[in-house]
Amino acid sequence: MAKLAQLIDSEVFLAFATYTTIVLLKMMLLSIITAYVRMTRKAFCNPEDTAKFGKGENAKKYLRTDEDVERVRRCHLNDLENIVPFIGIGLLYTLSGPAVSTALLHFRIFVVARILHTIVYLTAVPQPSRALTWAAGYAVTISMAYRLLTSVWYL
Amino acid sequence: MAKLAQLIDSEVFLAFATYTTIVLLKMMLLSIITAYVRMTRKAFCNPEDTAKFGKGENAKKYLRTDEDVERVRRCHLNDLENIVPFIGIGLLYTLSGPAVSTALLHFRIFVVARILHTIVYLTAVPQPSRALTWAAGYAVTISMAYRLLTSVWYL
Amino acid sequence: MAKLAQLIDSEVFLAFATYTTIVLLKMMLLSIITAYVRMTRKAFCNPEDTAKFGKGENAKKYLRTDEDVERVRRCHLNDLENIVPFIGIGLLYTLSGPAVSTALLHFRIFVVARILHTIVYLTAVPQPSRALTWAAGYAVTISMAYRLLTSVWYL
């Protein structure tokens, strides 16, 4: 911690590091869930993954698309599409010296929104739940981008 | 701005922050375009998204793949595949202290290339337009990676 | 190099920059491989990509899904899903001041695991090779996240 404290002596940076790590771990969890659902549904993409079920036609029938697996994969891709901009813009925003309370508000809303988005997506809660949790995270990133551009603008 | 100026007192960093934010906002716009095209084409993936069209078979017919939606999604994934390396390599390149004019040239070509790539992809301009805009962005990232590796190489 | 040395005077940072650049270049190579396999297999997604094969039905037959192309694309997406958390968590971990030897161990295992993962995936080596190389990279990221959270925790 000594070095980090010297390098970037700011509560905002510590908070950004904590929230980013949490939201990335949440995203990584979806890899495990995909593998788990593929095994319970017996739905695979790669012939080498079905070898344990025997050979020929017997194994081939497990090379299929399953709606539950696809749902987890869409959720994972949506995470990537939204968490990558959050990290890129959020890191630069953090370095632009925002007030601690404002920054914390942004990070907290984003992380809670993405966790809720995953739960709502995987359990297929009726709309507009998913749209709203997605929009909350999206709005946070736009708000950080606005703050950042007004302070660093250099084309 | 005070803190950022103290922390990283460099025009290259301000330029990197500005161009990265612009290209990430452009990528985020594709989420909105995907949602818009899904609604106008009435083509959805998740049963909960079609509930407003009624129940049973009536709603089920909107659970389909649409070529226009897939085009936007491919464009979005291509952005992820290219913008993630740009941000990772670009941030480290920025911190390695390049000349301002060289760095600006890299950032500008990349951002313009990716904006053109999106326009060319979504409006299906004949090849080799898309290949060229893609290659321009790719070449910028390779060039930054080369400069970075020659200055930081430590295995 | 002068500026980087002043800014972040640490071997861990130089090592992180080197390994991140290598693993991102490896990921970018998959774009080239996808294009190459699409051309040799004559399997495309976009009508404008098949225009060189003639018009109408003659060109349309090349708008198809090919198992070899899909394999490269899955490998590329798996890279994105795993390299994004590595870079995000790894950068913050690097700034948290870990011991050089520990950090190098993490970076080396991750990069070797991802290179092996790509080789094993593209050449369809029987399982559990792919699962093991994937798990090695995943475990490295979890380990860095644990170290990071215990040193920066700030909610």
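Here the structure is shown first, and the text comes after it.
Quick caveat: nothing in here was measured; it's all calculated off a predicted structure.

Conventions used here
Counting of residues starts from 1 at the beginning of each chain's written sequence and follows it residue by residue. Here every chain gets a letter starting at A, and every ligand a number starting at 1, in the order they are written. Reporting in this predicted model follows two pLDDT cut-offs: at least 70 for local features of residues, and 80 or more for side-chain atom pairs to be given and counted; totals over whole chains, interfaces and linings ignore these cut-offs and use all residues. Per the convention used, a helix needs a DSSP run of H or I reaching at least four residues, while a strand needs a run of E reaching at least two, with both numbered from the N terminus. Each radius of gyration reported is based on C-alpha atoms, and the globular scaling rule is 2.2 Å times the count of residues to the power 0.38. Think of it as a crowd count around each C-beta: if 20 or more other C-beta atoms lie within 10 Å the residue is buried, if 12 or fewer it is exposed, and in between it is partly exposed, with C-beta placed from the backbone throughout. By definition, residue pairs are in contact when their C-beta atoms, positioned from the backbone, come within 7 Å. To superpose the copies, least squares is applied to the C-alpha atoms of every residue with a pLDDT of at least 70 in both. Following the grouping adopted for this structure description, the nonpolar residues are Ala, Val, Leu, Ile, Met, Phe, Trp, Tyr, Cys and Pro, the charged ones are Asp, Glu, Lys and Arg, and the polar ones are all others, Gly among them. Multiply 1.5 Å by the residue count of a helix minus one, and that product is the helix's expected span. Geometry is summarised by axes, namely lines fitted to C-alpha atoms with helices restricted to the contacting stretch, and by angles between N-to-C directions that run from 0 to 180 degrees. An angle counts as roughly parallel when it lies under 35 degrees, as roughly antiparallel when it exceeds 145, as roughly perpendicular when it falls between 65 and 115, and as oblique in every other case. Handedness of a crossing follows from how the near helix is turned relative to the far one, being left-handed for an anticlockwise turn of less than a right angle and right-handed for a clockwise one.

Trainee: Go over the overall build of chain A, please, and point to the residues and values.
Mentor: Each helix and strand counted, chain A has six helices and zero strands in total. Listing each helix as α and each strand as β along chain A from the N terminus yields α-α-α-α-α-α. Compactness check: chain A gives a C-alpha radius of gyration of 20 Å against a globular reference of 15 Å for 155 residues, more than 25% above the reference. With the C-alpha coordinates of chain A rotated into their principal frame, the extents come out at 60 × 40 × 30 Å. Scored against the burial criterion, the 155 residues of chain A give a buried share of 41%. By sequence separation, contacts in chain A at least 24 residues apart represent 72% of the contacts at least 6 residues apart.

Trainee: Any details on the relation of the copies chain A and chain C? Residues and values, ideally.
Mentor: Turning chain A through 120° and shifting it by 0.0 Å along the axis lays it on chain C, with an RMSD of 0.0 Å. Here the transformation between the copies is reduced to the relation of a three-fold axis. In terms of C-alpha distance to the rotation axis, chain A has V84 of chain A as its closest residue, with the C-alpha 4.3 Å off the axis. An asymmetric contact is evident, with only 11% of the interface residues of chain A recurring at the interface of chain C.

Trainee: Help me get a handle on the interface of chain A and chain C, residues and values and all.
Mentor: Contact with chain A, which involves 27 residues of that partner, is made by 25 residues of chain C. Elements with a contribution of two residues or more to the side of chain A that touches chain C: α1 (2–7), α2 (11–41) and α4 (67–95) of chain A. The dominant element in the side of chain A that touches chain C, judged by the number of residues it contributes, is α2 of chain A, at 12 residues.

Trainee: Got a sec to walk through the interface of chain C and chain B? Specific residues and values, please.
Mentor: In this assembly, 27 residues from chain C lie in contact with 25 residues from chain B. Listed by contribution, the elements that provide at least two residues to the side of chain C that touches chain B are α1 (2–7), α2 (11–41) and α4 (67–95) of chain C. Of all the elements, α2 of chain C adds the most residues to the side of chain C that touches chain B, at 12 residues. The residue makeup of the side of chain C that touches chain B, split by class, is 17 nonpolar, six polar and four charged.

Trainee: Can you lay out the relation of the copies chain C and chain B for me, pointing to particular residues and giving the numbers?
Mentor: Turning chain C through 120° and shifting it by 0.0 Å along the axis lays it on chain B, with an RMSD of 0.0 Å. Little of the interface of chain C is mirrored in chain B, where only 11% of its interface residues are also at the interface.

Trainee: Please set out helix α4 (residues 67–95) of chain B residue by residue, giving values where relevant.
Mentor: Taking 1.5 Å as the rise per residue, α4 of chain B with 29 residues should run 42 Å; its terminal C-alpha atoms sit 42 Å apart, in good agreement. α4 of chain B sits mainly inside the fold: 23 of its 29 residues count as buried.

Trainee: Give a description of unusual backbone geometry that names residues and reports values.
Mentor: All names here are of chain A. Cis geometry marks the peptide bond from Q127 to P128; its omega dihedral reads 5°. In this structure, P128 sits in the loop between α5 (100–122) and α6 (129–152). If you check the backbone angles, A124 has positive phi at about 55° while not being a glycine. Relative to the helices and strands, A124 is located in the loop between α5 and α6. Judged by local crowding, A124 falls into the partly exposed class, with 15 C-beta atoms found within 10 Å.

Trainee: Run through the packing of α5 of chain A against α6 of chain A, naming residues and quoting values.
Mentor: Residues and elements named next belong to chain A. Viewed as axis vectors pointing N to C, α5 and α6 meet at an angle of 155°, and their least axial separation amounts to 8 Å. Between α5 and α6, the angle is such that the two are roughly antiparallel. Handedness of the crossing formed by α5 with α6: left-handed. Side by side, α5 and α6 meet where H106, I109, F110, A113, R114, L116, H117, V120 and Y121 of the first sit next to S129, R130, T133, W134, A136, G137, V140, S143 and M144 of the second. In terms of residue class, the contact of α5 with α6 is made up of 10 nonpolar, six polar and two charged.

Trainee: Could you give me a rundown of the packing of α6 of chain A against helix α2 (residues 11–41) of chain B, with the residues and numbers involved?
Mentor: It is the contact of α6 of chain A with α2 of chain B, at a shortest axis distance of 10 Å, that shows an interaxial angle of 150°. On the basis of their axis angle, the class for α6 of chain A and α2 of chain B is roughly antiparallel. Every pair of crossing elements has a handedness; the one defined by α6 of chain A and α2 of chain B is left-handed. Side by side, α6 of chain A and α2 of chain B meet where Y138, T141, A145, L148, L149 and V152 of chain A of the first sit next to L14, A17, T18, T21, L25 and M28 of chain B of the second. The residue makeup of the contact of α6 of chain A with α2 of chain B, split by class, is nine nonpolar, three polar and no charged.

Trainee: Mind laying out helix α6 (residues 129–152) of chain B, listing which residues take part and the relevant values?
Mentor: Along its 24 residues, α6 of chain B runs 35 Å from first to last C-alpha, staying within 8% of the 34 Å computed at 1.5 Å per residue. Those residues of α6 of chain B lying buried are R130, T133, W134, G137, V140, T141, M144, A145, L148 and V152 of chain B.

Trainee: Describe the environment of Q127 of chain C, listing the residues and the values that go with them.
Mentor: Tracing the backbone shows Q127 of chain C in the loop between α5 (100–122) and α6 (129–152). Residue classification places Q127 of chain C among the partly exposed positions, given that 15 C-beta atoms sit within 10 Å. Setting aside anything within four residues of it in sequence, one finds Q127 of chain C in contact with E48, D49 and A51 of chain A.

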